[in-house]
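Examination of the molecular architecture
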Amino acid sequence: MAYQPPVRDHAFLLRDVLKIDQYAELPAFADASIDVVDQIIEEAGRFTGEVLAPLNGVGDKQGCVWNPDFTVKTPDGFKEAYKQLCEGGWTAIGSDPNYGGQGLPHVVNLSFSEMSSSANMAFSMYPGLAHGAYSAIHYGGSDEQKDLYLPKMVSGEWTGTMNLTEPHCGTDLGLLRTKAVPQADGSYRITGQKIWISAGEHDMADNIVHLVLARIEGAPAGVKGISLFIVPKFLPKSDGSVGERNEGAKCVGLEEKMGIHGNATCVMQYEDAKGWLIGEENSGLKLMFVMMNEARLGVGLQGVAQAEAAYQAAVSFAKDRLQGRSLTGPKNPDGPADPIIVHPDVRRMLLDSKATIEGGRAFLFWTALHGDLAHAHPDEAVRQKANDYMGLLTPVLKGYLTDKGFKICSDAMQVHGGSGFTEHFPASQYLRDCRIALIYEGTNGIQALDLVGRKLAANGGRAVMSFFAEVDQFVGENGDDAELKPFIDGLASAKAQLQDATLWLMQNGLQNPDNAGAASTDYMHLFGLTGLAYMWALMAKASLAKIAEGSTDPLYATKLTTGRYFVERLLPDAASHLAKLKTGSATLMSLPAEAF
């Protein structure tokens, strides 16, 4: 079965759980009535399912081709699909209307992005990275830079990239060597090499706007001396049209990768390439993190998106594949065997996947809504809380959801059995494509360290305390609801364990930083489970309300069953994470390096 965009599930979240109609008075939501949003996600499902999904296997098998003239050819059909993407206005959904955008809430754009990534992860990275570059320029660029670049990037005529990593440094950007030399006309000459640059060269857009981290001569050492530059493939003319080639900026090769073959992962060589400073000197890292944080949420989304596609493939296979008989008697008595979906262990893998995907999707949408409120809400307290949540939860969403997304893709292959290990079925591609999500935009170990080392302590722990208070309030307000009780009890237990872990980190992490490092991944997963427990409680409450209103839509009963499975079979892992993190770092750090 081909990928089927989960349009109904997205509508359930936006309409029944998040109730985005309640924000109709806010600027970003004024044109996003639920009826309009329903139409958008319906059309998003059609476009991604009918146009992008059929190209997923094509991109995997063909890959991208580098040419000696430093150009790159994308897989067959990608260029035509990209044109349809732009013509349909999909590149402009969440962008500023002042530059041709539709100005819709980010949570609506997230819905399209998930479907796009499920349908074709490699393709969706081209517009995804372009939007990140747009965001950095929109945040830190001058009015002249915004007027020149953003309309073309919003329309999709031009795409964008982020250039951080160099052959000798990845996470430790303070070691970067790319240099920028100021010129008399106000521009800079950029020289250096960047690697693993996604969408760094391709044949789908008229121009590519590279955002490049570099060090101006004489700048301070380390991350304090990094600046950000716009280095376009073609130099724009004053009227916004494409001018001459920026000869110093070239793609000199493509990486041979495990997955995402349809995306051009480039080695970019800059030799006196012409560029322009964004913002102030030595403030590049701050500006790049605008793009990085957006990218990290997008990578968390990729974990859910690939998991959804792999799960659908596994369900289809499990319903069709005949093997053995049910332990309680034949369920397909007229056939030679029963479909494997009757077997408890197959159901375990499928329900583990379904409960995690739907909870993870809700957690992403809920967080994205807070991102919208951080920008649009008139109440400063609401904006502060929303900003706090975005900072706190970004590493959780990126790390936890990609870890789980890869596990789900692996389980999907397991459901396929030997067939999944062949290229006749899509399970292999989903597994290979998903694996990068645990690595790029900061490995998941880095996300966990960021969470315990920086985000928890920010503003005196204000964000996590606000999260605890919100959960406590929800538990208190709904504790007497008998039908909701399993969800409330599970949420309260997980929150208590997360709070216990947080206090342990406060007491033990400061006295020995290795304790915080040793606990970080378990803490991140404990936080992820608690977040999903909250989401399942919200979804259960919304489903019970619709059933009480008389709805016979089977989605609501299915939500309740899936949510109870999460509480009974997945949430108990929280206790394990708490126990492990409390062991500290002594044993972990005691083995000498030569003993490994």
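In this report, we go over the structure that sits alongside the text. (Residues numbered from 1 in each chain as written. Predicted model: local features only at pLDDT ≥ 70, side-chain atom pairs only at ≥ 80, totals over all residues. Heavy atoms only, no water.)

1. Here we look at the environment of Asn-515
The criterion, for reference: Starting at the N terminus, helices and strands are each numbered in turn, a helix being any DSSP run of H or I of at least four residues and a strand any DSSP run of E of at least two. Polar contact is defined as a pair of N or O atoms within 3.5 Å, subject to the rule that within protein one atom must be able to donate a hydrogen and the other to accept it, and that residues adjacent in sequence are counted only when both atoms are side-chain atoms.
Relative to the helices and strands, Asn-515 is located in helix α15 (residues 513-548). The spacing of Asn-515 and Val-58 is 457 residues in sequence and 47 Å in space, taken between C-alpha atoms. Among the polar contacts listed, one links the side chain of Asn-515 to the backbone oxygen of Asn-508, at a separation of 3.1 Å.

2. A closer look at the pairing of strand β11 (residues 265-278)
Here is the rule we go by: Working definition: with a 1.4 Å probe on protein chains only, accessible area under 20% of the residue-type maximum means buried, over 50% means exposed, and in between means partly exposed. For two strands to be treated as a pair, DSSP must find at least two bridges joining them.
The buried fraction of β11 is high, at eleven of 14 residues. Pairing of strand β5 (residues 188-198) with β11, which is carried by eight bridges, proceeds in the antiparallel orientation. Counterpart to Tyr-188 in the pairing with β11 is Gly-275. Two elements, strand β7 (residues 227-232) and β11, share three bridges in a ladder whose sense is antiparallel. When the sheet's bridge partners are listed, Leu-228 is paired in β11 with Ile-278. Summarising the sheet, strand β10 (residues 249-254) and β11 pair through five bridges and their orientation is antiparallel. The residue bridging Ala-249 from the neighbouring strand is Tyr-270, located in β11.

3. Re helix α16 (residues 554-570)
The α-helix advances 3.6 residues per turn, and as a result positions three or four apart in sequence lie on the same side. The test is simple: Expected helix span is given by 1.5 Å per residue-to-residue step, counting one fewer step than there are residues. Between two residues, a contact is recorded if the distance between any of their heavy atoms is within 4.5 Å.
Relative to the 24 Å expected for 17 residues at 1.5 Å per residue, α16 spans 23 Å between its end C-alpha atoms, a close match to the ideal helical length. Where α16 is buried, its residues meet α1 (7-17), α9 (344-376), α14 (485-508), α15 and α17 (573-581). Where α16 begins, one side-chain oxygen reaches toward the backbone nitrogen of Leu-555, 2.9 Å away; that side chain belongs to Asp-553.

4. Quick notes on the side chain of Lys-495
Tracing the sequence through the fold places Lys-495 in helix α14. Under the relative-accessibility criterion, Lys-495 is labelled buried at 8%.

5. Comments concerning the pattern of salt bridges
Definition in use: Here, a salt bridge means any Lys or Arg side-chain nitrogen found within 4 Å of an Asp or Glu carboxyl oxygen.
All told, the structure shown has 31 salt bridges when counted by the stated rule. Here the salt bridges share partners, and the residues they tie into one network are Asp-9, Glu-114, Glu-308, Lys-354, Glu-358, Arg-361 and Lys-559.

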